[in-house]
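These are the residues of each chain, in order.
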Amino acid sequence: MRLGAGKALALSPDGRWALGLQEGPPPRLEVVPTGTGAPRPLPAGGLTDFYWARWFPNGRQLLVVASDAAAIPHSYIQDIETGKLDPIAEKGLLAMLPSPDERSVLIADPLGKFLLWPTDGRKGVPLKGITAEDRPIQWSPDGKFL
């Protein structure tokens, strides 16, 4: 069923919302109800190119990878209600998967290494046992395995 215009990215954990990308100009993310209701555009905050986005398990935040006019990818956590974008990790590091407990995010660096980056602002730590050839797709429900 067609929910709206734009590029489909992900369904919310409860299935009530779809995340889409309106390619613009300017591009922006939008949450679209899967039932009745109106789409809600999210502020782009100066971002000019969106690479990907996915829901946090709580359904209240998004993990977003995008760039501004400098064209260097940066990872953000975006609050669905306020639209606020908070950077996570350093520029050039790519956020991939929020953990089930939402306290950390799997991050890939340009050299193919993976880090576990806390969402509380502390610096990430390298993950052992995962290589540049691995392609993590999800966490186990208990957050112990990728």
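As the structure is a computational prediction, the values presented were derived from the model and not from experiment. Position numbers for residues start from 1 in each chain and track the written sequence from start to end. In view of the model being predicted, local features appear only for residues whose pLDDT reaches at least 70, and side-chain atom pairs are presented and counted only at 80 or more, with totals across whole chains, interfaces and linings using the full set of residues. Each side-chain value is worked out from all heavy atoms of the structure, with water and hydrogens disregarded.

### Quick notes on the overall build of the protein chain
Phase 1: Only DSSP runs of H or I with at least four residues qualify as helices, and only runs of E with at least two residues qualify as strands; both kinds are numbered from the N terminus onward. Each helix and strand counted, the protein chain has zero helices and twelve strands in total.
Phase 2: If you list the helices and strands of the protein chain from N to C, you get β-β-β-β-β-β-β-β-β-β-β-β.
Phase 3: Put simply, the radius of gyration uses C-alpha atoms, and a globule should come to 2.2 Å times the residue count raised to 0.38. Against the globule reference of 15 Å for 146 residues, the protein chain gives a C-alpha radius of gyration of 15 Å, in line with a compact fold.
Phase 4: Overall size of the protein chain, expressed as C-alpha extent along the three principal axes, is 45 × 35 × 30 Å.
Phase 5: Taking all 146 residues of the protein chain together, 40% fall into the buried category.
Phase 6: Sequence-distant contacts, at least 24 apart, represent 28% of the contacts inside the protein chain between residues at least 6 apart.
Phase 7: In the structure as shown, the protein chain presents an accessible area of about 8,600 Å², 57% of it carried by carbon and sulfur atoms.
Phase 8: Only four residue types enter the charge count: Lys and Arg as positive, Asp and Glu as negative, with His and the chain ends excluded. In this description, the location of a charge corresponds to atom NZ of lysine, CZ of arginine, CG of aspartate or CD of glutamate. If the 16 positive side-chain charges of the protein chain are averaged to one point and the 16 negative ones to another, these points end up 1 Å apart. Under the scheme applied here, a residue whose accessible area is under 20% of the maximum for its type counts as buried, over 50% as exposed, and between as partly exposed, the area being computed with a 1.4 Å probe on protein chains only. It only takes one pair of heavy atoms within 4.5 Å for two residues to be counted as in contact. Note on areas: these come from Shrake-Rupley sampling with a 1.4 Å probe, and a residue is covered only by the protein chains present in the view.

### What to know about the environment of Q78
Phase 1: Considering the arrangement of structural elements, one finds Q78 in strand β7 (residues 74–79).
Phase 2: Residue Q78 is classed as buried on the basis of its relative accessible area, which comes to 0%.
Phase 3: Sequence-wise, Q78 and L63 are 15 residues apart; in three dimensions their C-alpha atoms are separated by 6.5 Å.
Phase 4: Among all residues touching Q78, those that are not within four sequence positions of it are L29, L42, P43, R60, Q61, L62, V64, G83, K84 and L85.
Phase 5: Within the local environment of Q78, its side chain forms a polar contact with the backbone oxygen of P43, the two atoms lying 3.0 Å apart.
Phase 6: A polar contact is formed between the side chain of Q78 and the backbone oxygen of G83, at a distance of 2.8 Å. Here a polar contact means two N or O atoms within 3.5 Å. Within protein one must be a hydrogen donor candidate and the other an acceptor candidate, and residues neighboring in sequence count only if both atoms are side-chain atoms.

### Notes on the nonpolar core
Phase 1: If you look at the biggest cluster of nonpolar residues, it comprises 17 residues, and the most contacted ones within it are L19, L29, V31, F50, W55, L62 and V64.
Phase 2: Mapped onto this core, the elements with two or more residues apiece are β2 (17–22), β3 (28–33), β5 (49–55) and β6 (61–67).
Phase 3: Ignoring anything within four residues of it in the chain, the contact list for V31 reads W17, A18, L19, P39, R40, L42, W55 and I80.
Phase 4: Among the nonpolar cores identified, the runner-up in size contains twelve residues, and L63, I88, A89 and W117 belong to it. Grouping buried Ala, Val, Leu, Ile, Met, Phe, Trp, Tyr and Cys residues that are joined through side-chain atoms within 4.5 Å yields what is termed a nonpolar core.

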